[in-house]
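Letter by letter, the chains look like this.
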Amino acid sequence: MPNRKDEEPIAVTQTLTEEDFSAAAAAVRYFAAPMRRRSVRAAACLTVAALAASTVPASLNFFGTAWVSAAVTAGAFAAAVAVWFWQPVRETRQAALWFRSCPLMALPSTVTVFRDRAVVESKCERITEYWTDLSVCVETDGLIAAAAGKERGLLIVKKQGLSEEEAARLSARFRGAFERRYFRFSGRKRGNSSGTGHG
């Protein structure tokens, strides 16, 4: 028989900051768009660089010069370096602009998490997000975020100030609702709910 307490709504009072939003956006992006990870993009550029470099001997034999191969190799390598160092900066700036474009997100609010939905209420708005409208859920050490809602791009619930029991109930609620669409993102290690995988 289910524990009655586990069925009760979970209410969290919070005030989001730009840092909270950027962290949530980065965590969700990592799992929602795996092909856009900087490790994947940088690896693709390095693959092109390696392939171009491998054509240098043939170019020298057939054409007496390898400037095209060398140029492609250098360009692809430079692109890999740029992606690795610049992409996080660009994504952080984009998240900051997104947060600043919606002042309502910075208002103190109460997020009430039910079994099938979450309700976000502030003095200026009331938003309801159903789990069926959300594509992915990611939990970090400090918050839980879900993506692609109809009302707002990100649903964020901070765990700051919650007791261990409340945080565990909140995690279980989201994990049970999203199942295979739930991921855990902790520190520098990134993975699914079993804690596997990184990069």
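Note: the structure precedes this text.
Residues numbered from 1 in each chain as written. Predicted model: local features only at pLDDT ≥ 70, side-chain atom pairs only at ≥ 80, totals over all residues. Heavy atoms only, no water.

Draft legend 1. Seen up close, the pairing of strand β7 (residues 154-158). For β7, the tally of buried residues reaches 5 of 5 residues, placing the bulk of the element in the interior. Burial of β7 is two-sided: the residues Leu154, Ile156 and Lys158 facing one way and the residues Leu155 and Val157 facing the other way are all buried. Pairing between strand β6 (residues 143-147) and β7: 5 bridges, direction antiparallel. Across the sheet, isoleucine 144 pairs through a bridge with valine 157, a residue of β7. (Buried < 20%, exposed > 50% of the residue type's maximum accessible area, 1.4 Å probe, protein only. Helix = DSSP H or I, 4+ residues; strand = E, 2+ residues; numbered from the N terminus. Pairing = 2+ DSSP bridges.)

Draft legend 2. Geometry of the pattern of salt bridges. Counting across every chain of the model gives 8 salt bridges. The closest approach of N and O atoms between arginine 100 and glutamate 18, which form a salt bridge, is 2.9 Å. Note that arginine 100 is positioned in helix α5 (residues 67-100) and glutamate 18 in helix α2 (residues 18-32), a separation of 82 residues in sequence. Under the relative-accessibility criterion, arginine 100 is labelled exposed at 54%. A relative accessible area of 28% means that glutamate 18 is categorised as partly exposed. In this structure, arginine 117 and aspartate 116 form a salt bridge, with 2.8 Å as the shortest nitrogen-oxygen distance. For arginine 117, a relative accessible area of 24% gives the class partly exposed. Residue class for aspartate 116 comes out partly exposed when judged on its relative accessible area of 37%. Connected through shared salt-bridge partners, Glu139, Asp141, Lys159 and Arg184 make up one network. (Salt bridge = Lys/Arg side-chain N within 4 Å of Asp/Glu carboxyl O.)

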